[in-house]
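Structural overview
Each chain is listed here by its residues.
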Amino acid sequence: MIVSHHWEEIQKKLESIKEKQLFRETKIYHGIDFCSNDYMGLATNSCMLEYYRSLTDLYPFGSTASRLVRGNYDSMDFFETEFANFVDGEAALLVSNGFVANFGLIDSIAAPNCYVFTDRLNHASILDGIRISGAKKKYYNHLDLQHLQTLLEKANDEDPNQKHKRIVVTESLFSMDGDSPDFHKLLELKKHYGFVLIVDEAHALGVYGKEGKGILFRDLPPEGIQSIDYRVYTLGKSFGLEGGIIVTKQLGRDHLVNVMRPFIFSTAPLPIISKLAIFALNLLRSMESERFQLFELTRELKQSLLTNGFMITNTESHIIPLLLSSETETLTYAKRLQEMGLDVRAIRPPTVPTPRLRISLNAKLTREDTNSLVSALVQIRKDCETVSFP
Ligand SMILES: Cc1ncc(COP(=O)(O)O)c(C=O)c1O
């Protein structure tokens, strides 16, 4: 009899993860939300709930098939048109989630004879899309467009006749660091080197730019935005729902509908999602005062953390990562904060290169909440003064 060693291997792998303080578990959340991506509080918005309750055509619950079979509904087509108009795009494609959007898009447009240049800290869905496409992955240092340029020059030396397509992909707001690339410089490089550009607006949609259209609308003129080949969005964050959207030319959408495997070979999103997404879109557009309040709270919290001697990343956003010295210290802080009713999570490698508490603010938080957070952090630091963390 031949015995597989599969379960022994799994056990060893988990033991090694535990030894490094990197073991993770699914837990039920408690406490004030300082960690979700529900940046505008729509997941529990009372107008959304009222609208949801007012819906009478709730069947079918599931979409019952892929969008190319029987899983396409009026509300999906309507949402795509509304969303494309919202962000001045030619066409939009709604998919199951943001992970699928990045993964499926990159796999659809890249191939082993392509170079894909990716910011080192891009999301796993981007990196996995590159991997599955078989393209040559070229990492550039986080936000370092000078480094990107050096790599593009090198690619030109290696492949002067541009036989390999060049693709550059970046997030517009990095979810674990809270910072953004210089889009003017990126578009200058695009003009010079002629690459296909993908920008993932997952964490910026709903929060930045006029009406929450995203960071590209804050930083670039309309013709700059139009020159971006693909923009990726998610409904899983500021929309408080679930879903992914790719905005591109009509030609690009037609291509994806015909080749994008997770779009073709998977059941379409629930019909209710596109109905709620249409409502959420209109709500988000009108939330200027909530955005203003969120920015004020962000500014005050950052100031307060710095004044109290905490180290944060070079964040320019409502995502405020607080840097600590080790996994154990980060886990201790997160545990203590949770015990105090403040839901802040430890983010550890391999998700990020160095451990941190990822504090993400949302429009439902008050000054009282953020003051409690700072007081709690100060208290924990005091309590830990005599502890030396491994
Ligand atoms: C930058 C970025 N893109 C895409 C995704 C995936 O989106 P979704 O959660 O909708 O699958 C995430 C998720 O955290 C993300 O941070």
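The shown structure was predicted, so the numbers you read here are calculated from the model rather than taken from an experiment.

Description of the overall build of the protein chain
Secondary structure summary: the protein chain contains 15 helices and 12 strands in total. For the protein chain, whose C-alpha radius of gyration is 22 Å, the value lies close to the compact-globule estimate of 21 Å for 390 residues. Across the 390 residues of the protein chain, 43% fall into the buried class. Residue pairs at least 24 apart in sequence account for 74% of intrachain contacts in the protein chain once pairs closer than 6 positions are excluded.

Looking at the sheet that holds strand β8 (residues 244–248)
If you trace the 7 strands from one edge of the open sheet to the other, you get β2-β8-β7-β6-β5-β3-β4, paired in mixed fashion. Looking along the sheet, the strands with just one partner apiece sit at the ends: β2 (91–95) and β4 (136–140). Strand-to-strand twist of the sheet, defined as the mean angle between neighbouring strand axes without regard to direction, takes the value 20°. As paired elements, strand β6 (residues 196–200) and strand β7 (residues 230–234) share 3 bridges and run parallel to each other.

What to know about the UniProt feature "domain: Aminotransferase class I/classII large" (unreviewed entry) in the protein chain
The sites that UniProt annotates as "domain: Aminotransferase class I/classII large" (unreviewed entry) are residues 31–377. In residues 31–377, the share of helix is 44% and the share of strand is 16%. The end C-alpha atoms are 15 Å apart.

Overview of the site of the ligand
The full set close to the ligand counts 13 residues, and N97, G98, A202, T234 and G236 are the nearest of them. The leading source of residues in the shell around the ligand is helix α4 (residues 98–109), at 3 residues. Grouping the amino acids of the shell around the ligand by side-chain chemistry returns 2 nonpolar, 9 polar and 2 charged.

A word on the domain arrangement of the protein chain
The figure often quoted for interface size is the accessible area lost as the parts come together. Domain parsing of the protein chain yields domain 1 (47–285) and domain 2 (288–383). If you look at the interface, domain 1 gives 10 residues, while domain 2 gives 15 residues. Classifying every residue of the side of domain 1 that touches domain 2 by side-chain character gives 3 nonpolar, 5 polar and 2 charged.

Let's talk about the environment of S4
Along the chain, the position of S4 falls in the segment before α1 (6–19). Taking the number of C-beta atoms within 10 Å as the measure of exposure, S4 has 7 and is therefore exposed. With 151 residues separating them along the chain, S4 and A155 place their C-alpha atoms 45 Å apart.

Some words on the packing of helix α13 (residues 288–307) against helix α15 (residues 367–383)
It is the contact of α13 with α15, at a shortest axis distance of 10 Å, that shows an interaxial angle of 20°. Here α15 runs roughly parallel to α13, going by the angle between their axes. Judged by the twist between their axes, the crossing of α13 over α15 is right-handed. Contact residues: L297, E300, L301, S304 and L305 in α13; R367, T370 and V374 in α15. Looking at the contact of α13 with α15, its residues break down into 4 nonpolar, 2 polar and 2 charged.

Some words on the pairing of β8
Counted residue by residue, β8 has 5 buried out of 5 residues, so it is predominantly covered. Neither face of β8 is open: one carries G244, I246 and T248, the other I245 and V247, and all of them are buried. As paired elements, β2 and β8 share 5 bridges and run antiparallel to each other. Pairing of L94 across the sheet is with I245, part of β8.

Analysis parameters
Residues numbered from 1 in each chain as written. Predicted model: local features only at pLDDT ≥ 70, side-chain atom pairs only at ≥ 80, totals over all residues. Helix = DSSP H or I, 4+ residues; strand = E, 2+ residues; numbered from the N terminus. Rg over C-alpha atoms; globule rule 2.2 N^0.38 Å. Buried ≥ 20, exposed ≤ 12 C-beta atoms within 10 Å, placed from the backbone. Contact = placed C-beta atoms within 7 Å. Pairing = 2+ DSSP bridges. Axes fitted to C-alpha atoms, helices over the stretch in contact; angles between N-to-C directions. UniProt positions renumbered as here; feature names shortened; annotations may be inferred. Near = placed C-beta within 6 Å. Nonpolar A, V, L, I, M, F, W, Y, C, P; charged D, E, K, R; others polar. Domains from an automatic or database assignment. Parallel < 35°, antiparallel > 145°, perpendicular 65-115°, else oblique. Left-handed = near helix turned anticlockwise from the far one by under 90°.

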